[in-house]
Amino acid sequence: MDTPQDILRNLGLNSSALTGGTLIARSPIDGAELAQVHEHTVAQAHAAITRARQASLAWRDVPAPRRGELIRLFGETLRQHKQELGRLVSLEAGKIVAEGEGEVQEMIDICDFAVGLSRQLYGLTIASERPGHRMMETWHPLGVVGVISAFNFPVAVWSWNAALALVCGNAVVWKPSEKTPLTALACQALFAQAVQRFGDAPAGLSEVLIGGREVGEALVDSHTVALVSATGSTRMGRQVGPRVAQRFGRVLLELGGNNAIIVGPTADLDMAARGIVFGAIGTAGQRCTTTRRLIVHESIADQLVQRLHKAYASAPIGNPLDSGNLVGPLIDRASFDAMQAALTAAREQGGKVAGGERVLADQYPDAWYVRPAIAEMPGQTDVVCHETFAPILYVMRYKDFGDALAMQNGVPQGLSSAIFTNDLREAETFLSAAGSDCGIANVNIGTSGAEIGGAFGGEKETGGGRESGSDSWRNYMRRATNTINYSRNLPLAQGIKFGE
Ligand code: NAD
């Protein structure tokens, strides 16, 4: 059961879906063709949105705890197929096996979270200023939720959105990355299994649109899609955000990050080094929360950088399906080229670069494996302020804690951040209003690997959206404020007398 075809067939997918299409799915592991997937036309996209709208009209009347039952069944299905789906993520996105399965575990976790939530979609009761009146808030489904997702979390991002959107009473239309269509088809097949066990879910509750930008734009421009939740580059968000706003649709943006770790003079350097290495080279630097900047106190900088070089030298690079390897390939050649361009710029801007070169080219001429790079910079130069989606760690030194904070906040992105310190004042300042300006701020733990229970997302060019835990479910519902008069009078608000 090794090939993607075997896995997909086992997950219930018809093999005709994998041949004769125009979208060639390739594995970044060796560049081999995995399948020829059929793309949707814009007209087919509109038809799918219409089906989803019809489904949402029926689904919104199903009691929320019953909707939760569908997600419970989906979570069960994912548990049964965790290894296969995880392997498909590895094959299609190039993640090491532990990370591929870890991504499926995130799907399972959000399903569990959403099931509990299906009994907790609470509104408030509010004190009214008028006698014999009661005020309250009611939360209703939005209708159709569109999800656009990136290649690097090909299954988890959809599930974070879909699990919440579905228990909230919506239908979901998903446009996955054109680089990872197979995992999307697999998710849809698994969801169909859950729907079958559930029994009476309306058809069209979950639709998948295969294709590139045009298909995504159909979702973005459709007035039937109440919310567009888009995960990807800041460049994509700049296009999608204003287009959705133009039609007064809602948008939830999860865009690029440029995440830093500050290491203070009192830090536990063993912990810091482990946190930095995992954050910087895990998933070959292709996580939105990847550690891209290290801001280290000058008194410990030499020691820490030396440790990092040592850890980098011993991190095995290679086929992510081999359990010994920790660093898999970049997604494609464009990604490799962008990394090389960034390293050239770093050198031009005074950086001292180690690593970054292509490796394993003889063995995998059509794949793009690189040695993760460490670039010691004279300061936070222009190239450091951009997200290059590859394993480059820029290192900057600081003397004064205030300067470290200013550097941490001095980039356009605002996703994840961390500090390693045993100084209470530094830790609390970092978490205070005057500290990190990111959506995620951690102490003595790195920037990547967020848990489902918290709200996930970031500020500034990261887009401002929040997904997953806490009260993110509210993004998928609309709020109605209700006032009920149970008196025999009609008192007006603000004590206004009108025609009496
Ligand atoms: P990308 O922006 O190239 O593509 C993302 C998705 O947007 C794809 O499905 C693509 O087809 C679609 N798309 C692109 N332009 C569009 C348009 N004009 N209209 C509609 N759809 C459009 O991103 P990528 O290379 O797949 O992923 C890497 C990026 O995603 C990085 O910047 C990373 O930081 C970011 N990311 C962010 C998060 C987060 O939660 N903040 C999570 C994962 C990835």
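Residues numbered from 1 in each chain as written. Predicted model: local features only at pLDDT ≥ 70, side-chain atom pairs only at ≥ 80, totals over all residues. Heavy atoms only, no water.

1. Quick notes on a positive patch on the surface
- A surface patch of like charges, here positive, comprises Arg-53, Arg-60, Arg-250 and Arg-478.
- What makes Arg-250 partly exposed here is its relative accessible area of 36%. (Patch = residues over 30% accessible without salt bridge, like charges linked within 9 Å, V, L, I, M, F, W, Y side chains within 5 Å. Areas by Shrake-Rupley, 256 points an atom, 1.4 Å probe, with all protein chains shown as cover. Salt bridge = Lys/Arg side-chain N within 4 Å of Asp/Glu carboxyl O. Lys, Arg positive; Asp, Glu negative; His and termini not counted. Charge placed at Lys NZ, Arg CZ, Asp CG, Glu CD. Buried < 20%, exposed > 50% of the residue type's maximum accessible area, 1.4 Å probe, protein only.)

2. Notes on unusual backbone geometry
- Positive phi, normally seen in glycine, also occurs at Leu-360, with a value near 60°.
- What makes Leu-360 partly exposed here is its relative accessible area of 27%.
- One non-glycine residue with positive phi stands out, namely Gln-494, at about 60°.
- Mapping Gln-494 onto the fold places it in the segment after β23 (477-485). (Helix = DSSP H or I, 4+ residues; strand = E, 2+ residues; numbered from the N terminus.)

3. Observations regarding the site of the ligand
- Around the ligand, the surrounding shell holds 28 residues, and the nearest of these are Lys-175, Glu-178, Ser-233, Gln-239 and Glu-387.
- Contact between the ligand and Phe-151: an oxygen atom at 3.1 Å from a main-chain N or O atom of the residue.
- Glu-254 places a side-chain nitrogen or oxygen 3.4 Å from an oxygen atom of the ligand.
- Protein chains shield 93% of the accessible area of the ligand, which is 850 Å² for the free molecule.
- Among the elements of the structure, α8 (213-221) and α9 (234-246) are those that each provide at least two residues to the shell around the ligand.
- The residue inventory of the shell around the ligand, partitioned by class, reads eleven nonpolar, ten polar and seven charged. (Near = heavy atom within 4 Å. Polar contact = N/O pair within 3.5 Å; in protein donor to acceptor, adjacent residues only side chain to side chain. Nonpolar A, V, L, I, M, F, W, Y, C, P; charged D, E, K, R; others polar.)

4. A few points about the sheet that holds strand β19 (residues 440-443)
- Taking strand neighbours across the sheet as the criterion, the seven strands line up as β12-β15-β16-β11-β10-β18-β19 in an open arrangement whose pairing is mixed. The open sheet has two free edges, formed respectively by β12 (352-354) and β19, since each of these has just one partner strand. Ignoring strand direction, the axes of neighbouring strands in this sheet form an average angle of 20°.
- Sheet topology places strand β18 (residues 416-420) next to β19; four bridges connect them, and they run parallel. Within the sheet, the bridge partner assigned to Ser-417 lies in β19 and is Ala-441. (Pairing = 2+ DSSP bridges. Axes fitted to C-alpha atoms, helices over the stretch in contact; angles between N-to-C directions.)

5. Considerations on the UniProt feature "active site" (unreviewed entry) in the protein
- The UniProt record marks Glu-254 with the feature "active site" (unreviewed entry), using the residue numbering of this structure.
- Looking at the element boundaries, Glu-254 is found in strand β9 (residues 250-254).
- Relative accessible area serves as the criterion here: at 6%, Glu-254 is assigned to the buried category.
- When near neighbours in sequence (up to four residues on either side) are disregarded, Glu-254 contacts Ala-230, Thr-231, Gly-232, Phe-456, Gly-457, Gly-458, Thr-462, Gly-465, Arg-466 and Glu-467. (UniProt positions renumbered as here; feature names shortened; annotations may be inferred. Contact = heavy atoms within 4.5 Å.)

6. With respect to the domain arrangement of the protein
- Domain boundaries assigned for the protein yield domain 1 (4-255 + 463-481) and domain 2 (259-443).
- Its C-alpha centre places domain 1 at a distance of 31 Å from the equivalent point of domain 2.
- Contacts between the two partners involve 20 residues from domain 1 and, on the opposite side, 24 residues from domain 2.
- Counting across the domain 1 and domain 2 interface gives two salt bridges.
- In this structure, Asp-332 engages Lys-179 in a salt bridge whose closest nitrogen and oxygen atoms are separated by 3.5 Å.
- Connecting domain 1 to domain 2 are four residue pairs in polar contact (both at pLDDT 80 or more). (Domains from an automatic or database assignment.)

7. Here we look at the packing of helix α3 (residues 64-80) against helix α7 (residues 181-198)
- Between α3 and α7, the shortest axis-to-axis distance is 9 Å and the interhelical angle comes to 130°. Accordingly, the angle class assigned to the pair α3 and α7 is oblique. Between α3 and α7 lies a crossing of right-handed hand. Packed against α3, whose contacting residues are Arg-66, Glu-69, Leu-70, Leu-73, Phe-74, Glu-76, Thr-77, Leu-78 and Gln-80, the element α7 presents Cys-187, Leu-190, Phe-191, Gln-193, Ala-194, Val-195, Arg-197 and Phe-198 at the interface.
- Split into classes, the residues belonging to the contact of α3 with α7 amount to ten nonpolar, three polar and four charged. (Parallel < 35°, antiparallel > 145°, perpendicular 65-115°, else oblique. Left-handed = near helix turned anticlockwise from the far one by under 90°.)

8. Regarding the UniProt feature "domain: Aldehyde dehydrogenase" (unreviewed entry) in the protein
- As annotated by UniProt and renumbered to match this structure, "domain: Aldehyde dehydrogenase" (unreviewed entry) occupies residues 25-479.
- For residues 25-479, the end-to-end C-alpha separation is 41 Å, with 40% helix and 20% strand making up the annotated structure.

9. Observations concerning the pairing of strand β6 (residues 171-175)
- Here β6 lies mainly inside the structure; five of its five residues are buried.
- Here β6 shows a buried face lined by Ala-171, Val-173 and Lys-175 and a second buried face lined by Val-172 and Trp-174.
- Two strands pair when backbone bridges link them, and strand β5 (residues 144-148) and β6 are joined in this way by five bridges, in the parallel orientation. Within β6, the residue paired with Val-145 across the bridge is Val-172.
- For the segment spanning β5, helix α6 (residues 156-167) and β6, crossover handedness is right-handed.
- Between the parallel pair β6 and strand β7 (residues 206-208), the chain is carried across by α7, and the sense of this crossover is right-handed. (Right-handed = clockwise from strand over helix to strand, strands pointing away.)

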